[in-house]
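Here are the chains, one letter per residue:
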Amino acid sequence: MEKIDTKKLLIAETGAKQAAEISETLKGFDLPETVEGKRVIGRVVITKLDDSLLVKGDFVAGVILICDRCLENFKAHIPFRLERDYNIDRSQASAEELFVDKYGQIDLTEPIREEIILNIPLHNLCSEKCLGICQGCGVNLNNEKCCCKNKKRSN
Ligand SMILES: [Zn+2]
Ligand SMILES: [Zn+2]
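Novice: Got a minute to help me understand the coordination of the zinc ion (ligand 1) in this structure?
Specialist: Ideal geometry at a metal gives 109.5 degrees between four tetrahedral donors and either 90 or 180 degrees between six octahedral ones. Within the protein, C67 (SG), C70 (SG), C126 (SG) and C130 (SG) serve as the donor atoms for the zinc ion (ligand 1), at 2.2 to 2.3 Å. Classification of the site at the zinc ion (ligand 1) rests on its 4 donor atoms, whose angles at the metal span 105 to 115°, yielding the label tetrahedral. Here the donor residues of the zinc ion (ligand 1) are spaced in sequence according to C-x2-C-x55-C-x3-C. There is no split in this pair, since C67 and C70 are both buried.

Following this line, the structure appears as structure tokens:
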């Protein structure tokens, strides 16, 4: 995704803030196989601290998930909050830490990816009323009537 230019903030005094709007496609994000990322939108506020830039933001990711009951794809929105520190001095950052790159830019790709994965619900239903799949004949009961004798729902 597009990096955020923080050059002006880096030379500002401690406590200075910068806001940025994010609207990016999630294509190319390394999400789990069961999740197709569409788009993430959000807004961050970046605060200059002594040794780092503190990035806080609220986002909504549009994704396509698989329903646990009927196994069909459905659209879902995943809201999440993000808060990360980016070291200003790259040489002070350990391998796991985030840092401002040599062009004075920060990259939110990895934090956004992490937060989307953390915020995907464990159980996903296309609808609370999803009827699931007939265990007898395998039809999707949302779309088709079952003709077999098994009236039991899959869930
Ligand atoms: Zn379903
Ligand atoms: Zn059936």
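What follows continues from the structure just given.
Novice: Where do I start with the packing of aromatic side chains in this structure?
Specialist: Between two aromatic rings, the relevant description is the distance of the centres plus the angle of the planes. Applying the stated criterion across every chain yields a total of 1 aromatic pair. Each ring, one from F59 and one from F80, has its centre 5.1 Å from the other, and the planes form 10°; the classification is stacked. With F59 in strand β4 (residues 52–66) and F80 in strand β5 (residues 73–87), this residue pair connects regions lying 21 residues apart in the sequence. Under the relative-accessibility criterion, F59 is labelled buried at 3%. Classification of F80 as buried rests on a relative accessible area of 4%.

Novice: So what exactly am I meant to see when it comes to the coordination of the zinc ion (ligand 2) here?
Specialist: The protein atoms that coordinate the zinc ion (ligand 2) are C134 (SG), C137 (SG), C146 (SG) and C148 (SG), at distances of 2.1 to 2.4 Å. One can describe the site at the zinc ion (ligand 2) as tetrahedral: its 4 donor atoms subtend angles covering 98 to 121° at the metal. For C134, a relative accessible area of 2% translates into the label buried. Residue C148 is classed as partly exposed on the basis of its relative accessible area, which comes to 21%.

Novice: What is the right way to read the domain arrangement of the chain from this model?
Specialist: How big an interface is tends to be stated in terms of accessible area lost as the parts join. What the domain assignment lists for the chain is domain 1 (4–119) and domain 2 (127–155). Of note, the centres of domain 1 and domain 2, computed from C-alpha atoms alone, are 40 Å apart. Each partner contributes to the interface: domain 1 provides 5 residues, whereas domain 2 provides 10 residues. Here domain 1 and domain 2 share an interface that buries about 560 Å² over both sides, 53% of which is from carbon and sulfur atoms. Our enumeration of links across domain 1 and domain 2 arrives at 0 salt bridges. Between the two partners, domain 1 and domain 2, sit 2 residue pairs in polar contact (both at pLDDT 80 or more).

Novice: For this particular structure, what's the right way to read the side chain of D101?
Specialist: If you trace the backbone, D101 turns up in the loop between β6 (98–99) and β7 (105–106). Engagement of the side chain of D101 in a polar contact is seen with the backbone nitrogen of Q105, the distance being 2.9 Å.

Novice: Looking at this structure, I do not really get the pattern of salt bridges. What am I missing?
Specialist: Two side chains that carry opposite charge are able to pair once their charged atoms sit near each other. Applying the stated criterion across every chain yields a total of 8 salt bridges. Close ionic contact of K3 with D101 constitutes a salt bridge, the shortest N to O distance being 3.6 Å. Of this pair, K3 sits in the segment before β1 (4–5) while D101 sits in the loop between β6 and β7; the two residues are 98 residues apart in sequence, bridging distant segments of the chain. A residue is classified by how much of its surface remains accessible, and K3, at 38% relative accessible area, is partly exposed. Of the charged contacts in the structure, one is a salt bridge between D5 and K7, with a shortest N-O distance of 2.9 Å. Taken together, the salt bridges that share partners define one network made up of R84, E114 and E115.

About the cut-offs
- Residues numbered from 1 in each chain as written.
- Chains lettered and ligands numbered in written order.
- Predicted model: local features only at pLDDT ≥ 70, side-chain atom pairs only at ≥ 80, totals over all residues.
- Heavy atoms only, no water.
- Donors = N, O, S within 2.8 Å, 3.2 Å for Na, K, Ca; no water.
- Tetrahedral: all angles 85-135°; square planar, octahedral: opposite > 155°, others 65-115°.
- Buried < 20%, exposed > 50% of the residue type's maximum accessible area, 1.4 Å probe, protein only.
- Phe/Tyr/Trp six-rings, centres within 6.5 Å; stacked < 30°, edge-to-face > 60°.
- Helix = DSSP H or I, 4+ residues; strand = E, 2+ residues; numbered from the N terminus.
- Domains from an automatic or database assignment.
- Contact = heavy atoms within 4.5 Å.
- Buried area = accessible area lost by both parts, 1.4 Å probe.
- Salt bridge = Lys/Arg side-chain N within 4 Å of Asp/Glu carboxyl O.
- Polar contact = N/O pair within 3.5 Å; in protein donor to acceptor, adjacent residues only side chain to side chain.

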